[in-house]
Amino acid sequence: MTTKENGTTDLVCSSYEVAWQQYSTLPGLTPDEHMYGPDKLRSYIQVMADVGERDPIKIARSALGMMRQYEQIVRSKAGVTLRQLKSE
């Protein structure tokens, strides 16, 4: 493992710790967020680290925001689909 990879690994771990502390206290998580949230957080955190962000708090907040935004999009799509099916 190179020094850069080791630094990124430390950054990802630090960011995940911060995100997990906030994630575990979020009210109203959906069942999908409970099930897939940890993996999504890891994925979003890794992307942020890969593109060059170096502030673990900023990475954690952004990852949580992306996760919640994704869930809202999924809910909206489901609502639109349900309304379309009812109108047919």
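Data block above holds the structure.
As the structure is a computational prediction, the values presented were derived from the model and not from experiment.

Chemist: Can you help me understand the overall build of the protein chain in this one?
Modeler: From N to C terminus, the protein chain includes three helices and zero strands. In the protein chain, the succession of helices and strands from N to C terminus is α-α-α. Relative to the globule expectation of 12 Å for 88 residues, the C-alpha radius of gyration of the protein chain, 16 Å, shows a markedly less compact shape. Expressed as lengths along the three principal axes of its C-alpha atoms, the size of the protein chain is roughly 60 × 25 × 20 Å. Sorting the 88 residues of the protein chain into buried and exposed places 26% on the buried side. Looking at the protein chain alone, contacts between residues at least 24 apart form 69% of all its contacts between residues at least 6 apart.

Chemist: What is the right way to read the side chain of Thr-8 from this model?
Modeler: Mapped onto the fold, Thr-8 is located in helix H1 (residues 3-23). In this structure Thr-8 touches Gln-46, Ala-49 and Arg-54, once residues within four positions along its chain are discounted.

Chemist: Would you mind showing me how to read the pattern of salt bridges here?
Modeler: A pair can form between side chains of opposite charge whenever their charged atoms are brought close. All told, the structure shown has four salt bridges when counted by the stated rule. In this structure, the salt-bridge partner of Glu-53 is Lys-58, at a minimum N-O distance of 3.7 Å. Residue classification places Lys-58 among the partly exposed residues on the basis of a relative accessible area of 46%.

Chemist: In this structure, what is going on with the packing of helix H2 (residues 31-50) against helix H3 (residues 56-87)? I would like to understand it.
Modeler: Two measures define how a pair of helices packs: the angle their axes make with one another and the distance between the axes. Taken N-terminus to C-terminus, the directions of H2 and H3 make an angle of 130 degrees; their axes are 9 Å apart at the nearest point. Overall, the two elements H2 and H3 adopt an arrangement that is oblique. Relative to H3, the crossing made by H2 is right-handed. Along its contact with H2, which presents Asp-32, Glu-33, Gly-37, Lys-40, Leu-41, Tyr-44, Ile-45 and Met-48, the element H3 presents Ile-59, Ser-62, Ala-63, Leu-64, Met-66, Met-67, Arg-68, Tyr-70, Glu-71 and Arg-75. Partitioned by chemical class, the residues of the contact of H2 with H3 number 10 nonpolar, two polar and six charged.

Chemist: Mind showing me how you'd approach the nonpolar core here?
Modeler: Across soluble globular proteins, nonpolar side chains show a tendency to be buried alongside one another. Residues Ala-19, Tyr-23, Leu-41, Ile-45, Leu-64 and Met-67 are the most contacted members of the largest nonpolar core, which totals 16 residues. Looking at this core, the elements with two or more residues in it are H1, H2 and H3. Residues within four places of Met-67 in sequence aside, it is in contact with Tyr-23, Glu-33, Gly-37, Lys-40, Leu-41 and Tyr-44.

Chemist: I would appreciate a short explanation of the side chain of Thr-30 in the present structure.
Modeler: With respect to the helices and strands, the residue Thr-30 is situated in the loop between H1 and H2. Other than its neighbours up to four places away in sequence, Thr-30 contacts Glu-71 and Arg-75.

Cut-offs and rules
- Residues numbered from 1 in each chain as written.
- Predicted model: local features only at pLDDT ≥ 70, side-chain atom pairs only at ≥ 80, totals over all residues.
- Heavy atoms only, no water.
- Helix = DSSP H or I, 4+ residues; strand = E, 2+ residues; numbered from the N terminus.
- Rg over C-alpha atoms; globule rule 2.2 N^0.38 Å.
- Buried < 20%, exposed > 50% of the residue type's maximum accessible area, 1.4 Å probe, protein only.
- Contact = heavy atoms within 4.5 Å.
- Salt bridge = Lys/Arg side-chain N within 4 Å of Asp/Glu carboxyl O.
- Axes fitted to C-alpha atoms, helices over the stretch in contact; angles between N-to-C directions.
- Parallel < 35°, antiparallel > 145°, perpendicular 65-115°, else oblique.
- Left-handed = near helix turned anticlockwise from the far one by under 90°.
- Nonpolar A, V, L, I, M, F, W, Y, C, P; charged D, E, K, R; others polar.
- Core = buried A, V, L, I, M, F, W, Y, C linked by side-chain atoms within 4.5 Å.

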